[in-house]
Amino acid sequence: MRRKDMTMAASRRSGGAVRRLAAGATVAVVTLVGPSLSTAPLLTGVAVAQEDQQDGEGVEDPGQDGGHEDFTDQGDQGQPGAEDGGDAEVPEGDGPAAGDTEDPDRPRSEADRRLNGNVPTFPDVEPAAPPGVPPSASDWALFEHRTACIIPGASTSGSLPPQSWAHDYLRFDELARMGATGAGQRVAVVDTGVNRHPSFGDRLSGAGDYIDGRDGRDGTYDCEGHGTIVAGLIGAAPFGNDSRFRGIAPGVELVGIRNVSNYYQDANDDIPQEEKVAGAGNTDIMARAIVQAANQDVDVINLSQSSCQPITDVESPYVQRLHAAVKYAVHVRDVVVVAASGNGADGCSTNTADNVTHMTLPGAFPEVLAVGATDRTGALAEFSVQGWWVDVAAPGTEVTSVDPAPGGDGLANMLDIQGNGLEPIQGTSFAAPYVAGTAALVRERFPALSAMEVVDRIKRTAQQTGGVNGVAFGWGTGVVDPVAALTRTLPDEEPSSGTLFHGGVHYLEERDWTPTIVAVAGAGGGIGLLLLTVFVTRTLRHTRERDRAPAGGG
């Protein structure tokens, strides 16, 4: 079901007023969240999202009926909280605040996690589209091309695995057996562009190039390959002789938009450092690109980029413009917004639970689903920026994806993200796509869920890693579990018996086995009495026959 306007968005919501969490974000140097974060600005996908927005009781969004906020890209559904424009009262101690649900599956509220100011509090802004949304020649004049584009076949190491360890970890084969492909869903990759590749078939379209659209480029040209790697993890379909590689949602339609690049630079060096995003790009262009994507009738937006900011910098005008754009996508267009939590680098601390100094945008906005990265051992990757706003984690190391070069037709496991040489593909940039793809699968499976309800389901079905009330610093509610997100019946949901998933595969719903147990027990008892009766009857008959028999001579 497409969400083309607020009326359609409202029709998808299940009930209850749509609430807006008090959200505001601070923006610093925006970077791509990729393999290397050694130089700023990096495309580092640092996305810090507050896990539960449910804590904010908000006013209804204009023109929308019912539904939850999602979680500001992750707000938990239906949880009470502060009124819109204000912060929820911080309870003393570690326990849940009064009035919190007793549901053990529901993550701890953001208000309960507000420790010593370690969670950013954003001023309330109205959802709004910035002026001049589509890209134009005035954008292209800001940047100049300084690094030669990557070439096909160059982004590999000596041994190229046909798929990442994440395929097994996230149970791709089981998803395939279930028929979960994301068919009918549109996912926007707002990044360095997305090159065409055999694995995308005719499912890739472009929606704009803010960096260099002079030759008719429309978002389907990627000089450095970052966005193409991301798109491959989301939506690549098996191709060629080796069909083992696939994205998590190989049936989605992909929409490419280029709004950042490290192979282009600021032509006049006049963009304020705190507003920059990578070598070319800035927070205002990011805001416009988010709205441009949302207006393409997409279901999910993936942002593997971030702006690293001091946690206290929440009221800057450019931060508020970016936040307004995110809220427009989530609350007006009903789009799930997923962002990388970011990679630690010079100027952007990975933070500790008791000393949070930096946040990354747009991930820190409560409407955004912020994603950290794990390694194959199951540990949080050392580069993953941590914060209480991180919602979930996903595999982000030793990545294999499609060859990201223009004209590439194979696979790759290395990337020259900064023009400084090949490095293994890793980063929160490449963890976020697994979550964005999961969101597409959830929207395929549960078309009536609002954007924020999708976020809530992903968070509540994650594999918990500990923490207080199921929320851990830097992990959020745990590692994304796509199979559980599609199949689990949550405590506050009614089982949808008889429902068929795409592909005609039946899902087993949770059920009350008490009647069955009683019936079986009753049947077992009846059988036992029958056997006992037969035994007694045969014994008595045998005894009588023996007594009647004449005594024999010898």
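Provided above is the structure to which this section pertains.
Everything quoted here is computed from the prediction, not taken from an experiment. Throughout, residues of each chain are indexed from 1 in the direction in which the sequence is written. Thresholds applied to this predicted model are a pLDDT of at least 70 for local features of residues and 80 or more for the giving and counting of side-chain atom pairs; totals over whole chains, interfaces and linings are not thresholded and use all residues. To obtain the side-chain values, all non-hydrogen atoms of the structure were included, while hydrogens and water were left out.

Topic: the overall build of the protein chain
- Each helix and strand counted, the protein chain has 11 helices and 18 strands in total.
- Exposure categories follow from relative accessible area, calculated using a 1.4 Å probe and restricted to protein chains: below 20% of the type maximum is buried, above 50% is exposed, and the middle band is partly exposed. Here the protein chain, with 554 residues, has 59% of them falling under the buried criterion.
- Partitioning the contacts of the protein chain with sequence separation of at least 6, the portion at a separation of at least 24 is 81%.
- As displayed, the protein chain has an accessible area near 20,200 Å², and 53% of this comes from carbon and sulfur atoms. What counts as a helix is a DSSP run of H or I of at least four residues, what counts as a strand is a run of E of at least two, and both are numbered from the N terminus. When checking whether two residues touch, look at their non-hydrogen atoms; a contact exists if any pair is within 4.5 Å. Methods summary: accessible areas were calculated by the Shrake-Rupley approach with a probe of 1.4 Å, and residue burial reflects only the protein chains presented.

A few points about the pattern of salt bridges
- Between Lys or Arg on one side and Asp or Glu on the other, a salt bridge is scored when a side-chain nitrogen of the former is within 4 Å of a carboxyl oxygen of the latter. Summed over all chains, the structure comprises 16 salt bridges.
- Measuring nitrogen to oxygen at the nearest pair gives 3.0 Å for the salt bridge that ties Asp209 to Arg258. One end of the pair, Asp209, is in strand S4 (residues 204-209); the other, Arg258, is in strand S5 (residues 253-258), and 49 residues separate them in sequence. For the pair Asp209 and Arg258, one class covers both residues: buried.
- Put simply, Asp212 and Arg217 hold a salt bridge, and the shortest N to O gap is 3.4 Å.
- Judged by relative accessible area, which is 24%, Arg217 ranks as partly exposed.
- Through salt bridges with shared partners, one network takes in Arg171, Glu174 and Asp481.

Here's the deal with the state of the cysteines
- Cysteine sulfur atoms are paired as a disulfide whenever they come within 2.5 Å of each other. According to the stated counting rule, one finds one disulfide in the structure shown.
- Between the sulfur atoms of Cys149 and its disulfide partner Cys223 the distance amounts to 2.0 Å. A torsion of -105° about the S-S bond marks the disulfide between Cys149 and Cys223 as left-handed. Residue Cys149 is found in the loop between strand S2 (143-145) and helix H3 (166-169), and its partner Cys223 is found in the loop between S4 and helix H5 (226-235); the two are separated by 74 residues along the sequence.
- A relative accessible area of 21% means that Cys149 is categorised as partly exposed.

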